[in-house]
Amino acid sequence: MSRSCPLLRLGLTLLCLAALAAGRVGDGLAAGPQDPATLVDRIVAVVGDTAITQSEMQEYIFRLQAQGVRPPQDRSQGVSFLEQVLDQKINEVLLVIYAEREGITAKESEINEVVEDRIAQIRRNFPSEIEFQQALAREGVSSAEFRMRVYEQARAEYMAQQFLQVKVGQMQPVPVSEDEIRERFEAQRATLGPRPATISLKQVVLTPQASEESQLLALEKIEQVLSRARSGEDFALLAREFSEDPVSAQNGGELGWVRQGDLVAEFENALFSMQVGEISDVVETLFGFHIIKLDRVRGAERSARHILVRPEMTAADTARAHELADEIAAALRAGADPDSLIRLHSDPDERSSLTQFPQDRLPAEYQQLITAAQSGDVIGPFRLELPGIEGGKWVVAEILELDPGGEWSIDDARESVRQSIQQERMLQKVVDGLRKKTYVVVQEDAIVTMVSMLYAAETPIR
């Protein structure tokens, strides 16, 4: 077996699951997935000291199918298709090899985010969680093993992307002519769809604050609970008695397994600096005051409990935030500088500006107000109801631009098309350079073998 990069360790299961759920296996590879033990692991190409096998290419084609790539129905066109696919596979292997040689590493939090998105996307192709688990079982893979395979693939792709970014960043942009831009735009126009309606704005987001007296009372309470926890009282029992987290309190404050990126920053920074069994100092977040106990560590994951005490938020506190929002709205309508008001009053954890943001992705509260608004208008104050934030948050926004959308024009797309062409050429230059200094050989009968594999079944490709 080859000394292969993580990208090549995916296995048939991941590559086939999405296609199986969508009914695509058989559309292009009519033969369908085989038991990995029965695959003939012939070498079809060698890249440096890494071999690419026939089974790996079959896996790779399944992955392309799951992404919507359809092999040509005409067997005579299959040769050209498979030459392109093999060439793409070789490039992927090259990039990962050189990324590893240059010591490029993957950021755990970013990889985990990609992994969760991919698994969620695949799960959505199944009618239920039970059927998803049954599909895994049929392939002889546990949930943990499946997640690890997704992780390894995402990690390898991340490393390759980082390597390309470094190399492209060291190059001078290549020139692209206006004729090339127009030719590419016309070729892609039919696939672009309508240009979405967008909005650009600046906003002040106010989070109501409890009174100083209420905060001191909450802090005193959580410090008393902390003292009892550190003196040896059962943390779970203390959480059931004192925690004001409506979700975790009845479970003894248990949060389950979490990863970096799952939690608010202050809580996460404390948790991921702790040792197993340790109880944190008091941690303040926008939700209130916490104490945390780290129970277990599993790779990049942490299993923890917490106790939350919230400062009491009164109607007067919410009214005070509303009054300030009214004053900010009046100031903006009178011509005040939004950036100054943002610096003075806005919640730093919230985005202060949006640029060409799709209108249909805005919360409903925004959408209701902008239907009758124009560029230059100030909307609000309006309240956003948010889980865990008593009284919600108040928003005042100045609309810089409202674009109704419509058909794409060359002027809309010129710069993005230019950058796309430049990027393609620069990436190709990097890959070509790697190929020149790396031993790359394709077996003489590789394409013939893969064509037979692709069109082996008697059932016609649909």
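In what follows, the structure referred to is the one given above.
Computed from a predicted model, the values in this text were never measured in an experiment.

About the criteria used
- Residues numbered from 1 in each chain as written.
- Predicted model: local features only at pLDDT ≥ 70, side-chain atom pairs only at ≥ 80, totals over all residues.
- Heavy atoms only, no water.
- Core = buried A, V, L, I, M, F, W, Y, C linked by side-chain atoms within 4.5 Å.
- Buried < 20%, exposed > 50% of the residue type's maximum accessible area, 1.4 Å probe, protein only.
- Helix = DSSP H or I, 4+ residues; strand = E, 2+ residues; numbered from the N terminus.
- Expected span 1.5 Å × (residues − 1).
- Arc of directions from axis to C-beta.
- Pairing = 2+ DSSP bridges.
- Axes fitted to C-alpha atoms, helices over the stretch in contact; angles between N-to-C directions.
- Contact = heavy atoms within 4.5 Å.
- Phe/Tyr/Trp six-rings, centres within 6.5 Å; stacked < 30°, edge-to-face > 60°.
- Lys NZ or Arg CZ within 6 Å of the ring centre and 35° of its normal.
- Parallel < 35°, antiparallel > 145°, perpendicular 65-115°, else oblique.
- Left-handed = near helix turned anticlockwise from the far one by under 90°.
- Nonpolar A, V, L, I, M, F, W, Y, C, P; charged D, E, K, R; others polar.
- Salt bridge = Lys/Arg side-chain N within 4 Å of Asp/Glu carboxyl O.

(A) Looking closely at the nonpolar core. Counting residues in each nonpolar core, the largest one holds 40 residues, and the members touching the most others are I52, M57, L86 and F163. Those elements giving two or more residues to this core turn out to be strand 1 (43-47), helix 2 (54-66), helix 3 (75-101), helix 6 (143-169), helix 14 (410-436) and helix 15 (446-454). When residues of this core are assigned to their parent elements, the largest contribution, 12 residues, is made by helix 3.

(B) Quick look at helix 4 (residues 108-123). For helix 4, built from 16 residues, the straight-helix expectation of 22 Å at 1.5 Å per residue is met to within 8% by its first-to-last C-alpha distance of 22 Å. Buried residues of helix 4: I111, N112, V115, I119 and I122, and no others. One side of helix 4 holds all its buried residues, which, seen down the axis, span an arc of 95°. Those residues of helix 4 that are exposed and angled more than 90 degrees off the buried face are E113 and Q121.

(C) The sheet that holds strand 3 (residues 198-206), seen in detail. Strand order across the open sheet formed by 4 strands is 8-3-10-9, with antiparallel pairing between neighbours. Bordering the open sheet on either side are strand 8 (353-358) and strand 9 (378-386), each of which pairs with just one other strand. In this sheet, neighbouring strand axes are inclined to one another by 35° on average, regardless of whether the strands run parallel or antiparallel. With 9 bridges connecting them, strand 3 and strand 10 (residues 389-403) associate as antiparallel partners. Looking at strand 10, one finds that I199 is bridged to L402. Of the strands in this sheet, strand 3, strand 9 and strand 10 are in contact with helix 11 (residues 315-333), which crosses strand 9 at around 155°. Relative to strand 3, helix 12 (residues 338-345) is tilted by about 40°, and along the sheet it contacts strand 3 and strand 10.

(D) Fine view of the environment of G288. With respect to the helices, strands and loops of the structure, G288 is situated in strand 6 (residues 288-298). When the C-alpha atoms of G288 and E244 are compared, they prove to be 9.4 Å apart, with 44 residues separating the residues in sequence. When residues no more than four places from it in sequence are discounted, the contact partners of G288 are V283, L308, V309, R310 and P311.

(E) Seen up close, the sheet that holds strand 6. Sheet architecture is open: 4 strands sit in the order 4-7-6-5, paired in antiparallel fashion. The two strands at the open ends of the sheet, each matched to only one other strand, are strand 4 (254-258) and strand 5 (283-285). Neighbour to neighbour, the strand axes of the sheet diverge by 40° on average, direction disregarded. Sheet topology note: the strand 4/strand 7 (residues 301-309) ladder contains 4 bridges and is antiparallel. Bridge pairing links G256 to A304 in strand 7. Where helix 8 (residues 212-230) meets the sheet, it contacts strand 5, strand 6 and strand 7, and its direction lies at approximately 35° from that of strand 6. Here helix 9 (residues 235-242) sits on the sheet and contacts strand 6 and strand 7; the angle it forms with strand 7, its principal contact strand, is near 40°.

(F) Focus on the packing of aromatic side chains. Under the counting rule described, the total for this entry stands at 4 aromatic pairs. Consider the rings of F126 and F132, whose centres lie 5.5 Å apart with planes at 70°: the pair is edge-to-face. Across the pair, exposure class does not vary: F126 and F132 are buried alike. Every member of this aromatic cluster is reached through a ring pair, and the members are F126, F132 and F146. Taking NZ or CZ as reference, R298 lies 4.0 Å from the ring centre of W257, over its face.

(G) Geometry of the packing of helix 8 against helix 9. Orientation of helix 8 relative to helix 9, taken along the N-to-C sense of each, is 160°, at an axis distance of 10 Å. As far as their axial angle goes, helix 9 and helix 8 are roughly antiparallel. In this structure, helix 8 crosses over helix 9, and the sense of that crossing is right-handed. In this structure, helix 8 contributes K221, V225, R228 and A229 to the contact, and helix 9 contributes F235, L238, E241 and F242. Looking at the contact of helix 8 with helix 9, its residues break down into 5 nonpolar, no polar and 3 charged.

(H) Representation of the pattern of salt bridges in the model. Scanning the entire structure with this criterion turns up 25 salt bridges. Measuring nitrogen to oxygen at the nearest pair gives 3.2 Å for the salt bridge that ties R305 to D295. On the criterion of sequence distance, the pair formed by R305 in strand 7 and D295 in strand 6 is long-range, its members being 10 residues apart. We note a salt bridge from R298 to E301, for which the minimum N-O separation is 2.6 Å. Each of the salt bridges in this network shares a partner with another, and the network as a whole consists of E178, R182, D411 and R414.

(I) How the structure looks around unusual backbone geometry. Cis geometry is adopted by the peptide bond preceding P381, which originates at G380 and carries an omega value of 10°. Mapped onto the secondary structure, P381 falls in strand 9. Positive phi outside glycine occurs at Q356, with the angle close to 45°. With respect to the helices and strands, Q356 occurs in strand 8. The class for Q356 is exposed, based on a relative accessible area of 53%.

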